[in-house]
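Geometric and topological summary
Read off the chains here:
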Amino acid sequence: MSSSKNNPILRLLDMIFDTVINFKKVDFVLIDTYSTLNFWYAFIISQCCRLLKIKYIPILHGGNLPNRIKKNPFLSRLLFNNSYINITPSGYLFHHLKEFQIKNVKQIPNTISVSEYNHDLRNIVRPRLLWVRAFASIYNPEMALKVFSKLKKIYPDAELCMVGPYKDMSKEVVQQLIEKNKVDIKLSGRLTKAEWTQLSKKYDIFINTTHFDNTPVSVIEAMALGLPIVSTNVGGIPFLLEDRENALLVNDSDVDEMVKSITELIENPELARKLSVNGRKEAEQFDWNVVKNQWKEILK
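Residues numbered from 1 in each chain as written. Predicted model: local features only at pLDDT ≥ 70, side-chain atom pairs only at ≥ 80, totals over all residues. Heavy atoms only, no water.

Quick look at the nonpolar core
Grouped together as the largest cluster of nonpolar side chains are 36 residues, with contacts concentrated most on Leu160, Ile205, Ile207, Val230, Ile262 and Leu265. Elements supplying a minimum of two residues to this core: strand S5 (128-132), helix H6 (141-154), strand S6 (159-163), helix H7 (170-181), strand S8 (205-208), strand S10 (248-250), helix H11 (255-267) and helix H12 (269-283). With near-sequence residues (within four places) excluded, Ile207 lies in contact with Leu129, Leu130, Trp131, Ala144, Leu160, Val230, Met258 and Ile262. Membership of the second largest hydrophobic core comes to 27 residues, among which are Val163, Leu225, Ala247 and Phe286. (Core = buried A, V, L, I, M, F, W, Y, C linked by side-chain atoms within 4.5 Å. Buried < 20%, exposed > 50% of the residue type's maximum accessible area, 1.4 Å probe, protein only. Helix = DSSP H or I, 4+ residues; strand = E, 2+ residues; numbered from the N terminus. Contact = heavy atoms within 4.5 Å.)

Thoughts on the state of the cysteines
Tallying each qualifying case throughout the model produces zero disulfides. Cysteine Cys48 shares no disulfide, and the gap to the nearest cysteine sulfur, in Cys49, comes to 6.9 Å. (Disulfide = S-S within 2.5 Å.)

Brief notes about the sheet that holds S5
Taken in spatial order, the six strands line up as S7-S6-S5-S8-S9-S10 in an open sheet, and their pairing is parallel. Two strands close off the open sheet at either side, each with one partner strand: strand S7 (186-189) and S10. Taking the axes of each pair of neighbouring strands and ignoring which way they run, one obtains an average angle of 20 degrees across the sheet. Note: strand S9 (residues 229-232) against S10, three bridges, orientation parallel. Counterpart to Thr232 in the pairing with S10 is Val250. Strands in contact with H6 are S5, S6, S8 and S9; relative to S6, the strand with the most contacts, it is inclined by about 170 degrees. (Pairing = 2+ DSSP bridges. Axes fitted to C-alpha atoms, helices over the stretch in contact; angles between N-to-C directions.)

As for the pattern of salt bridges
Evaluated as defined, the whole model comprises eleven salt bridges. Among the ionic pairs, Lys150 bridges to Asp256, the shortest N-O distance being 2.6 Å. Of this pair, Lys150 sits in helix H6 while Asp256 sits in helix H11, placing them 106 residues apart in sequence. Judged by relative accessible area, Lys150 falls into the partly exposed class, the value being 37%. (Salt bridge = Lys/Arg side-chain N within 4 Å of Asp/Glu carboxyl O.)

Right under this line is the structure:
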């Protein structure tokens, strides 16, 4: 169930209303489940489904969900252990759910339609960085700015574009860093998938700076587009990316190491080509035509 309401209370009431009026028309309710405010939406809707005797399936997205389960173990077990099945897109969350004795968990990856992404092979990469994520503290957008500021001293022609909606005060922090470091970057705000994938043609390296992560679709999309990736090695990332095979991985918040990795890509065209080719191959495993049979098996 979903709602287009922005106000949290109205959004929740809309979800409850939709669940109640449609419960006789559906076989399953699919509930996107994250670790922050959305966790409470997921919990309340799941309990409505229990009262109405509807099968519900939480689809787990939040890279910080293990901490949410630790913080609210009783509510988490009410949500997950009474579901028809729990779907996790990553080995990372699968591992943690089993660790917390959550029952009936199946791993089905996030999907994309690979045919919608033109693969541009990067043989030679320039210091043109693309960052695509929400401006929220858990995604650490200020790290991207710090990395770029240091890279600019090595490559004066370096560029950075940051794409994503503004969720908290992170945008203001980035703006302050821009002024402090006297650098010029492009802040595009929220873009549609078609808009940002078109924009990606102007850039050569995709950077992912998050503190927490699960299986980010933006990273899968970047691989499909042929962008070599440099990412923090957090949460579900090591279950998705392999260092020096389809990405370069660095420690959380390690600005110097990310600068070093970006520099290596620029100076080593062979490595850039390898990551571009292998990234596309990995992304193809997430194509809907590959994954859909797993969903059919569950929903039949």
